[in-house]
Amino acid sequence: MTDTENIDIKKAFAEEKLGWRGYVEWEKYPEKKELATRILNKSKFTPIPEFQFVPLPDTNPVLIGHRWKEYHEVLGLKHIVDFSWETVQKEKPDLIHLLDFPYNGETTREQLMEGKITSNKYHFIRNHGGVPDIDEDVFELEVGGLVKNPVKIPMKDLKDPSKFPQAEVTVTLQCSGTRRIEQIREYPGDGDELINAPWGEGAIGTAVYRGVPLKKVLKIACGGILPECKHLEFIGADTYFKKNNVFNYAVSVPWRKVRANEEVLLAWEMNGEPLPKIHGYPLRVVVTGHIGARSCKWLYRVNALAEPSMGPVQRQEYLYFTPQVGKQNSKYSNGFSIQQMPVSSAIIFPLDKKVIVHDGKITLKGWAYSGGGNWVQRVEVSNDGGSVWYAVNEENMTQKHYHAWRLWSIDIPTDAEGWLEFCVRTWDSSNNTEPTFVRSAWNWDLHVTSSCHRIKIYSVNRTRPETAKRLKLLEEHGEDIYNLSHPPEFSLEPLDEYLAQYRKYPREPED
Ligand SMILES: Nc1nc2c(c(=O)[nH]1)N[C@H]1C(S)=C(S)[C@@H](COP(=O)(O)O)O[C@H]1N2
Ligand SMILES: [Mo]
């Protein structure tokens, strides 16, 4: 065993290649991994914040990733932490910074509803490590494992349409943690070293990606895969920590998925622009219809494998444990691997707990999405907690796509006043719909919250004469209805009216 004290960490964990800043290769060097583990085992780290039992801070950044910064620091990789935050400032200044490092940024409501396509500046970010900074000119993609001919393909060749046919696909990427906050509020669940980000409705976004279908690369460059190949593993240049072990980010998808043309794309362009650094520049995978985790960023290696990736992100995380499986009995083998996204939707406007003054109709807006190539067929909204449903008209939904969300809006007739519970459910092209309550689909790792999204609205119906009168009175006194819990400073009823009413309908029976 080497003494960790005499190690020159700058040398031991140096960057692998010139022009590939922030990329340390771990997967090829087991001894290097062991050395990192020994150093990590000897160090003390800030505990992981236990925010699931207490309200989240209302700061921005919301959570600070002390522990993960320290992991990087003890291995001499602090520059990666610094570069990541600089990149956030440049590329994503306007997101809700849910976790500063590894960076997790959520799209705001206004930005989400901006249109069918989310602009690159506003698309959410989910990172498990730092942001590598790789020069495209020296970049090459390795493809190996169970292929006929392992190859290295320079970026210039990959982008050459005479070598590889290109494709453009409109894709919604959704983090499996979207709407996790609803599950946390219902019951706290598993806590991870890499904080299970308490996402709201904004860990989702849609872009047009341009690249080459992986299927074509395997065929044209490698002469095909070997018969034993059943899964394709993607390795990213960022460093991932798990229980004091280090890895490069690795995930996999079944060959069946890759085989379907254009469903797994190696992409370098996002909405007509080069992929932003924080989205995986120079090259990322885009796996349509799957949880975002499979769309590996900073992709530098594809491995054809007989079994799914042994990387912790594939094997130990993104597992679905049904409600009675938890800390006492969850194992990696008894959770099922979350790949395709279920159908889900969210109400983005109005905000939860809002007071809405209206003329008998309340306008709701939101998104609806389904994975696995199922498209959104129908969106329905209820204003009574889920008994009566109103369907959104086709003309009030954005265009259908196999792999993208639909934004929707609806005016729901609402006569009732006071606190009402609104919820949304979506039906997809396979007639799947959403569980009614959070509890129906709560799971220990708090993934893929697909139950009907619910909000509470305080309804004030101005078409009711008594309501209109009260609103006028409030206005005359310089007060308003929106400040709901603030008591009006004037009397609610003149004495003579009260007495007339009281005498007509006494409060107590006469005999
Ligand atoms: N290399 C690498 N790829 C990655 C990740 C990562 O941390 N490292 N995060 C994954 C997760 S969990 C999600 S949800 C998507 C998010 O993609 P985006 O950040 O481009 O929106 O990237 C995926 N690809
Ligand atoms: Mo994710």
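Throughout this description, residue numbers start from 1 for each chain and increase along the sequence as written. As a convention, the first chain written is A and the first ligand written is 1, with the rest following in written order. Where totals are concerned, whole chains, interfaces and linings use all residues; where local detail is concerned, this predicted model gives features only for residues with pLDDT of at least 70, and gives and counts side-chain atom pairs only at 80 or more.

Some thoughts on the overall build of the chain
A helix here means a DSSP run of H or I that spans at least four residues, while a strand means a run of E at least two residues long, and both kinds are numbered starting from the N terminus. A count of helical and extended segments in the chain gives 12 helices and 25 strands. Principal-axis analysis of the C-alpha atoms places the extent of the chain at approximately 95 × 50 × 45 Å. Labels follow a simple rule on C-beta atoms placed from the backbone: if 20 or more others lie within 10 Å of a residue's own, it is buried; if 12 or fewer, it is exposed; otherwise it is partly exposed. Within the chain, the proportion of its 511 residues that are buried is 44%. Working definition of a contact: two residues with C-beta atoms, positioned from the backbone, lying within 7 Å. Of all intrachain contacts in the chain linking residues separated by at least 6 positions in sequence, the fraction that spans at least 24 positions is 71%.

Digging into helix 11 (residues 465-476)
Turn by turn, an α-helix covers 3.6 residues, leaving residues three or four places apart pointing in a common direction. With 12 residues, helix 11 extends 17 Å from end C-alpha to end C-alpha; this agrees with the ideal 16 Å at 1.5 Å per step. For helix 11, the buried fraction is low: zero of the 12 residues fall into the buried class. One or two positions beyond helix 11, positive phi appears at Gly478, with a value near 65°. Under the convention used throughout, the expected extent of a helix is 1.5 Å for every residue step, that is, one less than its residue count.

Quick word on the site of ligand 1
By convention here, the C-beta atom is placed from the backbone, and a residue is near a molecule or strand when that atom is within 6 Å of it. Neighbouring ligand 1 are 19 residues, the closest being His128, Cys175, Gly236, Tyr249 and Gly292. Among the elements of the structure, strand 4 (125-126) and strand 10 (231-242) are those that each provide at least two residues to the shell around ligand 1. A breakdown of the residues in the shell around ligand 1 according to their chemical character gives eight nonpolar, eight polar and three charged. Just so you know the grouping, Ala, Val, Leu, Ile, Met, Phe, Trp, Tyr, Cys and Pro go in nonpolar, Asp, Glu, Lys and Arg go in charged, and all remaining residues, Gly too, go in polar.

Overview of unusual backbone geometry
Cis geometry marks the peptide bond from Asn60 to Pro61; its omega dihedral reads 0°. Secondary-structure assignment places Pro61 in the loop between helix 2 (30-42) and helix 3 (66-74). A cis amide bond links Phe349 with the next residue in sequence, Pro350, at an omega value of -5°. In the Ramachandran plot, Leu446 falls in the positive-phi region, its phi being about 60° despite a non-glycine side chain. Looking at where Leu446 falls in the secondary structure, it is placed in the loop between strand 24 (418-428) and strand 25 (453-461). Even without being glycine, Val448 reaches a positive phi, approximately 30°. As for its position among the elements, Val448 is in the loop between strand 24 and strand 25.

Here we look at the UniProt feature "domain: Oxidoreductase molybdopterin-binding" (unreviewed entry) in the chain
UniProt positions are given in the numbering used here, feature names are shortened, and annotations may be inferred rather than shown by experiment. Mapped onto the present numbering, the UniProt feature "domain: Oxidoreductase molybdopterin-binding" (unreviewed entry) falls at residues 128-311. For residues 128-311, the helix share is 12%, the strand share is 39%, and the end-to-end C-alpha distance is 13 Å.

Section: the sheet that holds strand 2 (residues 96-99)
Should DSSP find at least two bridges between two strands, the strands are regarded as paired. With respect to topology, three strands assemble into an open sheet ordered 2-3-4, the strand pairing being antiparallel. Of all the strands in the sheet, the pair left with one neighbour each is strand 2 and strand 4. Across three bridges, the pairing between strand 2 and strand 3 (residues 104-106) is antiparallel. In the strand pairing of strand 3, Leu99 is matched with Asn104.

Looking at the UniProt feature "domain: Moybdenum cofactor oxidoreductase dimerisation" (unreviewed entry) in the chain
When the UniProt feature table is mapped onto this chain, "domain: Moybdenum cofactor oxidoreductase dimerisation" (unreviewed entry) is found at residues 337-458. Overall, residues 337-458 shows 0% helix and 45% strand. The separation of its end C-alpha atoms is 40 Å.

Thoughts on the sheet that holds strand 7 (residues 151-154)
Across the sheet, five strands lie side by side as 7-6-15-10-11; this open sheet has mixed pairing. At either end of the open sheet lies a strand with only one pairing partner, and these are strand 7 and strand 11 (245-254). Each strand axis lies, on average, 25° off the axis of its neighbour in the sheet, ignoring direction. Sheet analysis places strand 10 next to strand 15 (residues 299-305), joined by six bridges and oriented antiparallel. Residue pairing across strands places Gly236 opposite Leu299, the latter belonging to strand 15. Fitted lines through C-alpha atoms serve as axes, helices being fitted only where they are in contact, and the angles separating the N-to-C directions of these axes extend from 0 to 180 degrees.

Here's the deal with the packing of helix 3 against helix 4 (residues 78-91)
When two helices pack together, their arrangement is given by the angle between the helix axes and by the axis-to-axis distance. For the pair helix 3 and helix 4, the least separation of the axes is 7 Å and the interaxial angle reads 135°. As the angle between them shows, helix 3 and helix 4 are arranged oblique. On the side of helix 3, the interface is formed by Lys69, His72 and Glu73, while helix 4 contributes Lys78, Ile80 and Val81. When grouped by side-chain class, the residues that make up the contact of helix 3 with helix 4 number two nonpolar, one polar and three charged. Angle categories are assigned with fixed cut-offs, so that under 35 degrees is roughly parallel, over 145 is roughly antiparallel, 65 to 115 is roughly perpendicular, and the rest are oblique.

So, the pairing of strand 21 (residues 376-382)
Sheet faces and side chains relate simply in a regular strand, where the side chains alternate between the two faces. When strand 21 meets strand 24, the two strands line up antiparallel, connected through six bridges. From the neighbouring strand, Glu380 faces strand 24, where its bridge partner is Arg425. Inspection of the sheet shows strand 21 paired to strand 22 (residues 390-391) by two bridges, in the antiparallel sense. Across the sheet, Val381 pairs through a bridge with Tyr390, a residue of strand 22.

Structural notes on the environment of Arg21
Inspection of the secondary structure puts Arg21 in strand 1 (residues 20-21). Arg21 sits 114 residues away from Asp135 along the chain, and the two C-alpha atoms are 8.3 Å apart. Excluding residues that lie within four positions of it along the chain, Arg21 makes contacts with Glu15, Pro132 and Asp133.

Quick look at the environment of Ile278
When you line up the elements, Ile278 lands in the loop between strand 13 (273-274) and strand 14 (284-287). Ile278 gets classed as buried once you count the C-beta atoms within 10 Å, which come to 20. A sequence separation of 194 residues divides Ile278 from Ser84, and the C-alpha atoms of the two residues are 8.0 Å apart. For Ile278, the residues in contact, after removing those within four places along its chain, are Thr87, Val88, Glu91, Lys92, Ile125 and Val131.

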